[in-house]
Amino acid sequence: MRNVVLDTSELHTAVNVSTCIDSILQEFQVARESVLAITTDNATNYVNAVERYLRITDILCMAHTINLAARKGLSERSVATAVRRLKAAAQHFKHSPTDSYLLEAKQKLLSLKPVQLINDCATRWNSTYDMICRAADQQAPVAAVIMEKKLSRLELSSVEWTLMEKVKDVLQPFKVATQALSTEDYPTASAVLPLQYVLLTQLKPSTEDPAGLRQMKTMLSTDLKARYGPNKDALLLLNTASYLDPRFHRLVHLEQESRQAVRDKVQRELADLSEETGVESQEENATTTAPQQRKENNALSAMGDLFGDVYCQNSAGAATPCTGGRREAPSTPGVFHRGEHRLKATLFPRARTCFSSL
């Protein structure tokens, strides 16, 4: 993939943003009618600039959408209270050499690697997840220092520690998804709606969840569901991208009626294209010759792990059973992109063999 920054500007109103984009398109002789879609964050001024004034389909950035949803979930009262105490603890140890030295001594005593606590950044929800993970790993030495130094304002109860462990598990798929979408090496439009479906599936409440965690899951789900609903053009474009991607070709995330509508649209466009070019279209299920094998640790492995279990469990009537073996390299139709990050395929090991049959 190749990315080019055409221009930058400090104009922020919807009218000014649309005027700026239009002038850039004219400068580079790009016809507005040839622009398939524009990706923006969820800010209203940018959405209005693209949809209302430029009359172009707007696609919300999935990474930014995940960030907003995660922030919403982390604002649940009991979760936010525990997170504030973890943040205060991280700040305390950072600014107290004495207690930081004592923490290191406790870590060595417990045969743990001496590491500092992580403090989060308000604009990066992933840093909050990292802070929770580090605190959970260092729970014993941190609690020992807090108790020894009588730092009650930093102390988490056993209930709060348990809650943080569960919050970490809930946010883990969001962390994987965010990292996989946050580079610019591979097109990822085809993964947007399947990814939303998988994340929503993993947010289903459990009877064993404490009240705060159930509320957090509800807040996450509500925010995610609201992001890709009203714009039918955007949904159709994203579903078309998913249909053209062998990983999501069966459109498991859609109901049968919607699934068929996407297939019919693609077949109509193929028929029109064959009439214009005089070239016959290939059969829908034609297979490529000599497929290129994919390495286990490639850039898409983490996404495969994230999708695998849910797609295999929910693909009755839409997909064949999961099979083992090495996975084939998917084609990557270029709609638009944010790319996938190189991650190790260890977070969701059961899904590894499922990805080949999506």
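Residues numbered from 1 in each chain as written. Predicted model: local features only at pLDDT ≥ 70, side-chain atom pairs only at ≥ 80, totals over all residues. Heavy atoms only, no water.

Novice: Just checking my understanding: could you explain the overall build of the protein chain for this structure?
Specialist: In terms of regular secondary structure, the protein chain is built from 13 helices and two strands. The buried share among the 358 residues of the protein chain stands at 45%. By sequence separation, contacts in the protein chain at least 24 residues apart represent 75% of the contacts at least 6 residues apart. As displayed, the protein chain offers around 19600 Å² of accessible surface, 51% of which is attributable to carbon and sulfur atoms. (Helix = DSSP H or I, 4+ residues; strand = E, 2+ residues; numbered from the N terminus. Buried < 20%, exposed > 50% of the residue type's maximum accessible area, 1.4 Å probe, protein only. Contact = heavy atoms within 4.5 Å. Areas by Shrake-Rupley, 256 points an atom, 1.4 Å probe, with all protein chains shown as cover.)

Novice: Sorry if this is basic, but what is going on with helix 11 (residues 232-244) here?
Specialist: Each α-helix turn comprises 3.6 residues. Residues three or four places apart therefore point the same way. Along its 13 residues, helix 11 runs 18 Å from first to last C-alpha, staying within 8% of the 18 Å computed at 1.5 Å per residue. Contacts made by the buried residues of helix 11 are with strand 2 (58-60), helix 9 (192-202) and helix 12 (256-277). (Expected span 1.5 Å × (residues − 1).)

Novice: It is not clear to me how the nonpolar core should be interpreted in this structure. Could you clarify?
Specialist: If you look at the biggest cluster of nonpolar residues, it comprises 47 residues, and the most contacted ones within it are I66, M164, V167 and M216. The set of elements that each furnish at least two residues to this core consists of strand 2, helix 3 (62-74), helix 4 (77-95), helix 6 (125-137), helix 8 (158-181), helix 9, helix 10 (211-225) and helix 11. Setting aside residues no more than four positions away along its own chain, I66 makes contact with W125, F174, A177, T178, L181, L195 and L199. Of all hydrophobic cores here, the second largest spans eleven residues; its members include F93, L117, V145 and L151. (Core = buried A, V, L, I, M, F, W, Y, C linked by side-chain atoms within 4.5 Å.)

Novice: I would appreciate a short explanation of the side chain of T178 in the present structure.
Specialist: Looking at where T178 falls in the secondary structure, it is placed in helix 8. Given a relative accessible area of 9%, T178 falls into the buried group. Setting aside residues no more than four positions away along its own chain, T178 makes contact with I66, W125 and N126.

Novice: Would you mind showing me how to read the environment of E165 here?
Specialist: By the element assignment, E165 lies in helix 8. Ignoring anything within four residues of it in the chain, the contact list for E165 reads A136 and Q139. At a separation of 3.2 Å, a polar atom in the side chain of E165 contacts the side chain of K168. (Polar contact = N/O pair within 3.5 Å; in protein donor to acceptor, adjacent residues only side chain to side chain.)

Novice: Even after reading the chapter, I still don't get helix 12, so can you show me in this structure?
Specialist: Between its first and last C-alpha, helix 12 extends 32 Å over 22 residues, near the 32 Å set by a 1.5 Å rise per residue. The complete set of buried residues in helix 12 reads R259, V262, R263, K265, V266 and S274. Buried residues in helix 12, looked at end-on, bunch into an arc of 165°, giving them a common side. Away from its buried face by more than 90 degrees, helix 12 exposes E257, R268, E275 and E276. Tucked inside the fold, the buried residues of helix 12 contact helix 11. (Arc of directions from axis to C-beta.)

Novice: Help me understand the pattern of salt bridges, please; the structure alone is not making it clear to me.
Specialist: Pairs may arise between side chains of opposite charge once their charged atoms sit close together. Throughout the structure, instances matching the rule amount to twelve salt bridges. Here E160 ties to R85 by a salt bridge, and the two come within 2.9 Å at their closest N and O atoms. Placement of E160 in helix 8 and of R85 in helix 4 is noted, with a sequence separation of 75 residues between them. E160 gets classed as buried once you look at its relative accessible area, which sits at 13%. A residue is classified by how much of its surface remains accessible, and R85, at 30% relative accessible area, is partly exposed. (Salt bridge = Lys/Arg side-chain N within 4 Å of Asp/Glu carboxyl O.)

Novice: Just checking my understanding: could you explain the environment of L199 for this structure?
Specialist: Residue position: L199 is located in helix 9. A residue is classified by how much of its surface remains accessible, and L199, at 0% relative accessible area, is buried. Sequence-wise, L199 and P173 are 26 residues apart; in three dimensions their C-alpha atoms are separated by 7.1 Å. Ignoring any residue separated from it by four or fewer positions in sequence, one finds L199 in contact with M62, I66, P173, F174 and L224.

Novice: For this particular structure, what's the right way to read the side chain of Q138?
Specialist: Inspection of the secondary structure assignment puts Q138 in the loop between helix 6 and helix 7 (139-148). According to the relative accessible area criterion, Q138 is buried, its value standing at 6%.

Novice: Explain the packing of helix 4 against helix 5 (residues 97-109) here, please?
Specialist: Packed helices, taken two at a time, are described by their axes: the angle between them and the distance between them. In contact at an axis separation of 5 Å, helix 4 and helix 5 are set at 105° when each is read in the N-to-C sense. Taken together, the axes of helix 4 and helix 5 lie roughly perpendicular to each other. Contact with helix 4, carried on its side by H92, F93 and H95, involves P97, D99, S100 and L103 of helix 5 and no other residues of that element. Each residue belonging to the contact of helix 4 with helix 5 can be placed in one class, and the counts come to three nonpolar, three polar and one charged. (Axes fitted to C-alpha atoms, helices over the stretch in contact; angles between N-to-C directions. Parallel < 35°, antiparallel > 145°, perpendicular 65-115°, else oblique. Nonpolar A, V, L, I, M, F, W, Y, C, P; charged D, E, K, R; others polar.)

Novice: Quick question: what am I supposed to make of the confidence of the model for the protein chain here?
Specialist: Any residue range with low pLDDT should be treated as having predicted coordinates unsuitable for detailed reading. Per-residue confidence for the protein chain gives a mean pLDDT of 80; residues scoring 70 or more make up 75%. Within the protein chain, helix 13 (residues 301-313) has the poorest average pLDDT of any element, 60, and helix 4 the best, 96. Throughout residues 316-358 the model reports pLDDT below 50, and contacts reaching past four residues in sequence, or to other chains, amount to 143 contacts. (pLDDT = per-residue confidence, 0-100.)

Novice: Help me understand the packing of helix 4 against helix 6 in this model?
Specialist: Two elements in contact, helix 4 and helix 6, have axes whose closest approach is 10 Å; the angle formed by their N-to-C orientations is 75°. In this view, helix 4 runs roughly perpendicular relative to helix 6, as classed from their interaxial angle. Residue-level inspection shows V83, L86 and K87 of helix 4 in contact with helix 6, the latter providing T128, M131, I132 and A135. Per-class residue counts for the contact of helix 4 with helix 6 are five nonpolar, one polar and one charged.

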